[in-house]
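Survey of secondary and tertiary structure
Residues per chain, in single letters:
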Amino acid sequence: MTQVIIDGKPCAAEEGETLLVVARREGIDIPAFCFEESLASYGACRMCLVEVVKGARPGITTSCTLQAADGLEVLTETPEITGLRKALIELYLAQAPRAESIKALARRYGVEKTRFARKVVKEDPLQNRCILCGLCVRVCGEIMGAGAINYIGRGQFTEINTPFYEENEACMGCGACAEVCPTGAIALEDRTDTRVMKSWSETKVPLARCAACGTFFAPVPFTRYAHEKLDPGILDALKDLCPACRSKAAARKAILLKKEGVIPPEPELQA
Ligand code: SF4
């Protein structure tokens, strides 16, 4: 364990932890859009800037890439940092004018409008909410191993979508991209037996049907992926059940096993 000082408060940190993680654990709210704990930090959005007043990298730097080390001392809200954050918020308000999370941050920092030209795209599949942080692309490729989406175009015309804006069979419909998106830009909809990834060229993924109650509950390719990679030990009898029926079936199985003496009874509580 090491100790760092954040805004004058001594905080315990584990070796290799980043300053942003330590600060958030201590209840110090440093804003960040591109931070996702399942992915390596890459300091793209620049919102999590802090000022190192004592340590190896003095000056202003991103706290999501700053490793905690003994004696490190940082400030999270100096006038300079606040000024930089306000300028960034203005840029993001222009880039993604419909993103509620950015508007909320603007209110927190008293930013009422942007000096930059607002980018409003008609029928934008990402609802004028994408800040191009790239978390969706990274989680899809690096974590889910699907690589169904990527950057398209360059400079101010850069956007994210499926190759050639066509439906993409590589998409499992898992929704991980939507889950990590910091601005709620990715739209998907379950229509009876199909999940439609509205933001990803309307890619359609069939939904699996529960063998017990008949409810459509999860995309078929994703259930296969989950069974093979995440939970290879899952019992065949439970594979085709929705979570509710799976839980009921597991409880029933436990009752039977108890009755048959396979699971020993709970020990009597001592008075
Ligand atoms: S829903 Fe499709 S695009 Fe999104 S992370 Fe899953 S596989 Fe990738």
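Residues numbered from 1 in each chain as written. Predicted model: local features only at pLDDT ≥ 70, side-chain atom pairs only at ≥ 80, totals over all residues. Heavy atoms only, no water.

1. Focus: the overall build of the protein chain
The criterion, for reference: Secondary structure follows DSSP: runs of H or I at least 4 residues long count as helices, runs of E at least 2 residues long count as strands, and numbering of each begins at the N terminus. Radius of gyration means the value over C-alpha atoms here, while the globule rule gives 2.2 Å times the residue count to the 0.38 power. Relative accessible area decides the class of each residue, using a 1.4 Å probe on protein chains only: under 20% of the type maximum gives buried, over 50% gives exposed, and in between gives partly exposed. Contacts are assigned to residue pairs that have any heavy atoms within 4.5 Å of one another. Residue-level accessible areas treat just the shown protein chains as cover; the underlying method is Shrake-Rupley with a 1.4 Å probe. Only four residue types enter the tally: Lys and Arg on the positive side, Asp and Glu on the negative side, with His and both chain ends excluded. By convention, charge coordinates are those of NZ in Lys, CZ in Arg, CG in Asp, or CD in Glu.
Regarding its fold elements, the protein chain presents 8 helices and 11 strands. Computed over the C-alpha atoms, the radius of gyration of the protein chain is 24 Å, more than 25% above the 18 Å expected from 2.2 N^0.38 for a compact globule of 271 residues. When its C-alpha atoms are laid out on the principal axes, the protein chain stretches across 70 × 60 × 30 Å. Each of the 271 residues in the protein chain was classed as buried or not, and the buried ones make up 40%. Long-range contacts, defined as pairs at least 24 residues apart, comprise 48% of the intrachain contacts of the protein chain with a sequence gap of at least 6. About 15,600 Å² of surface is accessible on the protein chain, with carbon and sulfur atoms providing 54% of the total. In the protein chain, the 34 positive side-chain charges and the 35 negative ones have mean positions that sit 5 Å from each other.

2. Overview of the sheet that holds strand 9 (residues 194–197)
For the record, the criterion: Only strands joined by at least two bridges in the DSSP assignment are considered to pair. Interaxial angle, 0 to 180 degrees, is taken between N-to-C directions of lines fitted to C-alpha atoms, where a helix line uses only the stretch in contact.
Within the open sheet, the 4 strands sit side by side as 8-9-10-11. Their pairing is antiparallel. Strands at the two margins of the open sheet, each flanked by one partner only, are strand 8 (189–191) and strand 11 (216–219). Within this sheet the neighbouring strands show an average axis-to-axis angle of 35°, counted without direction. Of the pairings in the sheet, the one linking strand 10 (residues 203–209) to strand 11 comprises 3 bridges and is antiparallel in character. Across the sheet, R209 pairs through a bridge with F216, a residue of strand 11. In this fold helix 6 (residues 220–230) packs onto strand 10 and strand 11, with an angle of close to 70° to the strand it touches most, strand 11.

3. Considering the environment of E167
Under the convention used in this document: Any pair of nitrogen or oxygen atoms within 3.5 Å is treated as a polar contact; in protein, a donor-acceptor pairing is required on top of that, and neighbouring residues in sequence qualify only through side-chain atoms on both sides.
Looking at the element boundaries, E167 is found in the loop between strand 7 (159–161) and helix 5 (176–180). Sequence separation of E167 and L72 is 95 residues, and the distance between their C-alpha atoms is 49 Å. A polar contact of 3.2 Å, which involves the side chain of E167, links it to the backbone nitrogen of K204.

4. Let's talk about the nonpolar core
The following threshold applies: In this text, buried Ala, Val, Leu, Ile, Met, Phe, Trp, Tyr and Cys residues form a nonpolar core when linked through side-chain atoms within 4.5 Å.
Ranked by internal contacts, the top residues of the largest apolar core, which has 25 residues, are F33, M47, I89, Y92, I102 and I131. At the level of elements, helix 2 (79–95), helix 3 (100–108), helix 4 (135–143) and helix 5 are the ones that each hand at least two residues to this core. Considering every element that reaches this core, the biggest residue donor is helix 2, with 4 residues. When residues no more than four places from it in sequence are discounted, the contact partners of Y92 are F33, A44, C45, M47, P97, I102 and I131. One finds V22, I28, L66 and A68 within the second-largest nonpolar core, a separate group that totals 18 residues.

5. What to know about the packing of aromatic side chains
Applicable threshold: Each Phe, Tyr or Trp ring (for Trp, its six-membered ring) is paired with any other whose centre lies within 6.5 Å, and the angle between the two planes then decides the class: stacked below 30 degrees, edge-to-face above 60, tilted in between.
Inspection of the entire model under this criterion finds 2 aromatic pairs. On the numbers, 5.7 Å between centres and 85° between planes, the contact of F33 with Y92 is edge-to-face. Here F33 is found in the loop between helix 1 (19–25) and strand 3 (49–54), whereas its partner Y92 is found in helix 2, with 59 residues between them in sequence. The residues F33 and Y92 share a single accessibility class, namely buried. An angle of 20° between the planes, with centres 6.1 Å apart, marks the rings of F222 and Y225 as stacked.

6. Details of the pattern of salt bridges
The criterion, for reference: Note on definitions: salt bridges are taken to be side-chain nitrogens of Lys or Arg within 4 Å of carboxyl oxygens of Asp or Glu.
Per the counting criterion, the structure on display carries 13 salt bridges. A salt bridge links K198 to E189; the nearest nitrogen and oxygen atoms lie 3.1 Å apart. A relative accessible area of 33% means that K198 is categorised as partly exposed. Where salt bridges share partners, they join D29, E77, R85 and R108 into one cluster.

7. Focus: the layout of surface pockets
Let me state the cut-off plainly: A 1.4 Å probe that fits into a set of points on a 1 Å grid over the protein atoms alone but cannot get out defines a cavity; an open set with protein on both sides within 12 Å along at least five of seven lines defines a pocket, and lining residues are those with an atom within 4 Å of a point. Grid points are joined across faces, edges and corners, and a volume is the space filled by probe spheres set on the points. Classification used: nonpolar for Ala, Val, Leu, Ile, Met, Phe, Trp, Tyr, Cys and Pro, charged for Asp, Glu, Lys and Arg, polar for all others including Gly.
Here the largest pocket defines a volume of roughly 200 Å³. In this structure, the largest pocket is lined by 17 residues; those nearest its centre are K119, V121, D124, T158 and E159. Sorting elements by how many residues they give to the lining of the largest pocket places strand 7 first, with 3 residues. In terms of residue class, the lining of the largest pocket is made up of 8 nonpolar, 5 polar and 4 charged. Its boundaries defined by the atoms lining it, the second largest pocket holds a volume of some 170 Å³. Lining the second largest pocket, in full, are F217, A218, F222, T223, A226, H227, D231, I234, L241, C242, P243 and R246. Mapped onto the lining of the second largest pocket, the elements with two or more residues apiece are strand 11, helix 6 and helix 8 (243–259). Of the residues forming the lining of the second largest pocket, the biggest block, 4 residues, is contributed by helix 6. Per-class residue counts for the lining of the second largest pocket are 8 nonpolar, 2 polar and 2 charged.

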